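For reference, the chains in residue letters:
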Amino acid sequence: MAPVEDLGPLVPSGDPVPLASDLPAPWSIAVLADGTLFVSERDDAAIVEVVGSSTSLVTSVGGVSPAGEGGLLGIATLEDASGDWLYAYYTGASDNRVVRMPLSGGPGAHTVGDQQVVIAGLPKASNHNGGRIAFGPDGMLYATAGDASRGANAQTLDSLGGKILRVTPDGQIPSDNPFASAGSPVWSMGHRNPQGIAWAADGTMWAAEFGQDTWDEMNRIVPGGNYGWPEVEGIAGAAGYIDPIQQWATDDASPSGIAVVGDTIFMAGLGGERLWTVGFDGAAQEWYGGGQLGRIRDVVRGPGSSLYLVTNNTDGRGDPRAGDDRLYSVGLVAAG
């Protein structure tokens, strides 16, 4: 299979293939180098491993306080010289936080050790909790923090809400962060409820964002950038704020997780109940609409030119069908 940078523009091929079913309110997918798949479950605070067509409990994450859109949210893995780690972003009793747990065992039998706090004190609410975490090509951990339904949080460094954050794997503030002199983990600001984050082969960072009543967004993220919320929403052309490269009516998207494969961004749609492909120029196309899968919560790169995606029809806002929710594999082919 060609390396990522040689894949070019891609589109889905054929119907998604179900891999696992009966997942309760799944939220995030994480993958190890050996192909092991983990899924987080928001309301029961479980992280499960997909084993064949079923799942095995890895851990029930302590300290999670599910309510509304909060609970056990994003997960990510790190395999480096310090060992193997499983990271989790969750809503606790008083804040949102990111923790990591040492990971041991092998396929079908993974276990974790005690939690270590990576970053805490992120504002929480019944909605707008952000919740995505991912490691960038620079080896740093990035996290999306929502404005916790207080728009003013997004425009001040006094709050970590309404931001994309960047820390080292153990939670230190990198010296090249744009506001490092103020001791801040903030990478970008002016976000309402930023969700999926991913990087192209050239290092460009992309992020999807829930709008309020008008526009959802796909943003090209630059360090120190201000994306306008709550002063502007969508493409506004307002001085001092960075416009998204694409926007959608909120009924068409409600974006969640994203993945970049080749020259294409793949974006999960919750309210829109479809998968979107977005070129780096902003050109967008929809797939699997018409209720075929229902709400799509997360999408990550699979082996070669493929994707994994997970639905989210059992989170209280969807229309569950027999076997929901499901984890799927999607093949990709060259566009055109």
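Residues numbered from 1 in each chain as written. Predicted model: local features only at pLDDT ≥ 70, side-chain atom pairs only at ≥ 80, totals over all residues. Heavy atoms only, no water.

What about the nonpolar core?
- By size, the foremost hydrophobic cluster in this structure holds 22 residues, and its most contacted members are Y87, Y89, V98, I133 and L141.
- Mapped by element, the contributors of at least two residues to this core are β6 (72-80), β7 (83-91), β10 (116-122), β11 (133-135), β12 (141-145), β13 (163-167) and β14 (186-189).
- Ignoring any residue separated from it by four or fewer positions in sequence, one finds Y87 in contact with G74, I75, A76, L78, V98, V99, R100, V118, I133, F135, L141 and P169.
- Grouped together as the second largest cluster of nonpolar side chains are 18 residues, V11, A259, L275 and V330 included. (Core = buried A, V, L, I, M, F, W, Y, C linked by side-chain atoms within 4.5 Å. Buried < 20%, exposed > 50% of the residue type's maximum accessible area, 1.4 Å probe, protein only. Helix = DSSP H or I, 4+ residues; strand = E, 2+ residues; numbered from the N terminus. Contact = heavy atoms within 4.5 Å.)

Section: the sheet that holds strand β25 (residues 327-334)
- The sheet built from four strands is open, its strands ordered β1-β25-β24-β23 with antiparallel pairing. The sheet is open, and its two borders are formed by β1 (10-20) and β23 (296-301), each paired with just one other strand. Averaged over all neighbouring strand pairs, the angle between strand axes comes to 25°, with direction disregarded.
- Where β1 lies against β25, seven bridges are found, and the strand directions are antiparallel. Residue pairing across strands places V11 opposite V333, the latter belonging to β25. (Pairing = 2+ DSSP bridges. Axes fitted to C-alpha atoms, helices over the stretch in contact; angles between N-to-C directions.)

Some words on the sheet that holds strand β4 (residues 46-51)
- The strand order across the open sheet built from four strands is β2-β3-β4-β5, with neighbouring strands paired in antiparallel fashion. What marks the edges here is a single partner per strand, and that holds for β2 (26-31) and β5 (54-60). Across the sheet, the axes of successive neighbouring strands diverge by a mean angle of 30°, strand direction being ignored.
- Of the strand pairs in this sheet, β2 and strand β3 (residues 37-41) are connected by five bridges, and their pairing is antiparallel. By the bridge assignment for β3, V31 is matched with L37.

Observations regarding the pairing of β2
- Counting buried positions over the six residues of β2 gives five, a clear majority of the element.
- Between the antiparallel neighbours β2 and β3 lie five residues, among them G35 with a positive phi of about 95°.

So, the environment of W215
- Summarising the element assignment, W215 is placed in strand β17 (residues 215-221).
- Considered as a pair, W215 and G262 are 47 residues apart in the sequence and their alpha carbons are 26 Å apart.
- Excluding its chain neighbours within four sequence positions, the residues that come into contact with W215 are E233, G234, Q247, W248, A249 and T250.

Concerning the environment of A284
- Looking at the secondary structure, you find A284 in strand β22 (residues 284-287).
- In the structure, A284 is positioned 16 residues away from V300 in sequence and 18 Å away in space, judged by C-alpha atoms.
- In this view, A284 contacts Q246, W248, W276, T277 and V278; residues no more than four positions away in its chain are not counted.

Comments concerning a negative patch on the surface
- Taken together, the side chains of D34, E79, D80 and D84 define an acidic patch exposed on the protein surface.
- Along the chain, D80 turns up in strand β6.
- Overall, D80 belongs to the partly exposed group, its relative accessible area being 35%. (Patch = residues over 30% accessible without salt bridge, like charges linked within 9 Å, V, L, I, M, F, W, Y side chains within 5 Å. Areas by Shrake-Rupley, 256 points an atom, 1.4 Å probe, with all protein chains shown as cover. Salt bridge = Lys/Arg side-chain N within 4 Å of Asp/Glu carboxyl O. Lys, Arg positive; Asp, Glu negative; His and termini not counted. Charge placed at Lys NZ, Arg CZ, Asp CG, Glu CD.)

Observations regarding the packing of aromatic side chains
- One pass over the structure, following the stated rule, counts five aromatic pairs.
- Ring centres of Y142 and W187 lie 5.8 Å apart, and the angle between their planes is 85°; this geometry places the pair in the edge-to-face category. In this pair, Y142 is assigned in strand β12 and W187 in strand β14, connecting sequence segments 45 residues apart.
- Residue Y142 is classed as buried on the basis of its relative accessible area, which comes to 3%.
- Every member of this aromatic cluster is reached through a ring pair, and the members are Y142, W187 and W199. (Phe/Tyr/Trp six-rings, centres within 6.5 Å; stacked < 30°, edge-to-face > 60°.)

Keep in mind these numbers describe shape, not what the thing actually does.
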